[in-house]
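Below, each chain spelled out in residue letters.
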Amino acid sequence: MNIQVELISIGNELLSGRTLNTHGQDLGAALSIIGLQLVRDTTIPDEVPIIRSAVTEALERTDLVFVSGGLGPTVDDITRDALGALLGQRIVLHQPTVDYLHSWYAKRNRKMTAAGERQAMILEHAFVLPNSVGAAPGQRIELPEGKILFVMPGPPNEFNAILNEEIIPWLKIRYTGVRPKLVRIIQTKGIGESDIVTLLENAGFQPTNIVLGFYPGMGKVEIRLTALPDNALEIEESAEILRSILSGHLDLDV
């Protein structure tokens, strides 16, 4: 079973270079551990037509779509409204979140305003995902044909808290039969990427059912072998052959 996931990050600040977007890295790492695969990472501006088209296209391609950003209290936080219009769902006030926000603001010696209360607005059929480190909650929206839409706040610490505390445990239960891919890593040093490829070609190294990835760094190249769970023998044999071919260039300090 190959469960593919898409991420759509929303925010003008992400495209202007003002804010570094780390959601793809964090989500991809968390999903790979449980056997799911992030296949597309898209960043778009705070514009309703673009949000609607991006989400529509993502849901046509994959069963799991994450949308992050645009859930705050300001006028440019339009994600919930765009999604509500797209899905034909009203935006409603979630009273338990209102109560949580009153407490959240009080602990910081702040008074919640009408603008702050906007963070408790959710799509009417959403399951609320509590935010243990921030204000706006996440949302899980279950759609026809088994499609799932996760709506997440943009700040990285809040995104990751909801992801690891609420979503990953839920996904593990939903996809109990999914197993993570097998990964083997070989680190080399003192040899360039093109020279490694030449050695492999001269040795006739062409593994089956294995995906090879080359990741050069400062004086080193990481070679990553990836395979499906049923190809355990192939990946072990391929890793051993690779070590033999590159025996004079292995970084044994890692």
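Anything mentioned here points back to the structure above.
The model shown is predicted, which means the values in this text are computed figures rather than measured ones.

Rules and cut-offs
- Starting afresh in each chain, residues are numbered from 1 along the sequence in its written order.
- A pLDDT threshold of at least 70 governs which residues receive local features in this predicted model, and a stricter bar of 80 or more applies before side-chain atom pairs are shown or counted, although totals over entire chains, interfaces and linings include all residues.
- Excluded from the side-chain calculations are hydrogens and water; all other atoms, namely the structure's heavy atoms, are used.
- Strands here are runs of E lasting at least two residues and helices are runs of H or I lasting at least four, both read from the DSSP assignment and numbered beginning at the N terminus.
- Any residue under 20% of the maximum accessible area for its type is buried, any over 50% is exposed, and the rest in between are partly exposed; the area is computed with a 1.4 Å probe on protein chains only.
- The working definition used for a salt bridge is a side-chain nitrogen of Lys or Arg within 4 Å of a carboxyl oxygen of Asp or Glu.

Draft legend 1. Expanded view of the side chain of Thr188. Assignment of secondary structure puts Thr188 in strand 9 (residues 182–189). Judged by relative accessible area, Thr188 falls into the buried class, the value being 0%.

Draft legend 2. Seen up close, unusual backbone geometry. At Asn109, a residue that is not glycine, the phi angle is positive and equals roughly 55°. With respect to the secondary-structure elements, Asn109 resides in the loop between helix 5 (95–106) and helix 6 (114–117). A residue is classified by how much of its surface remains accessible, and Asn109, at 75% relative accessible area, is exposed. Residue Glu145 is not a glycine yet carries a positive backbone phi of 65°. Relative to the helices and strands, Glu145 resides in the loop between strand 7 (138–142) and strand 8 (148–152). Residue classification places Glu145 among the exposed residues on the basis of a relative accessible area of 73%.

Draft legend 3. Focus on the pattern of salt bridges. All told, the structure shown has 11 salt bridges when counted by the stated rule. Put simply, Asp63 and Lys147 hold a salt bridge, and the shortest N to O gap is 3.4 Å. One end of the pair, Asp63, is in the loop between helix 3 (48–61) and strand 3 (64–68); the other, Lys147, is in the loop between strand 7 and strand 8, with 84 residues separating them in the sequence. When its relative accessible area of 12% is taken as the criterion, Lys147 is described as buried. Ionic pairing is found between Arg90 and Glu124, a salt bridge with its closest N-O pair at 3.3 Å. Within this pair, whereas Arg90 is found in the loop between helix 4 (79–87) and strand 4 (91–93), its partner Glu124 is found in the loop between strand 5 (121–123) and strand 6 (127–129), the two being separated by 34 residues in sequence. For Arg90, a relative accessible area of 54% translates into the label exposed. Exposure remark for Glu124: the relative accessible area of 27% places this residue in the partly exposed category.

Read these as layout, nothing more, since geometry by itself doesn't imply function.
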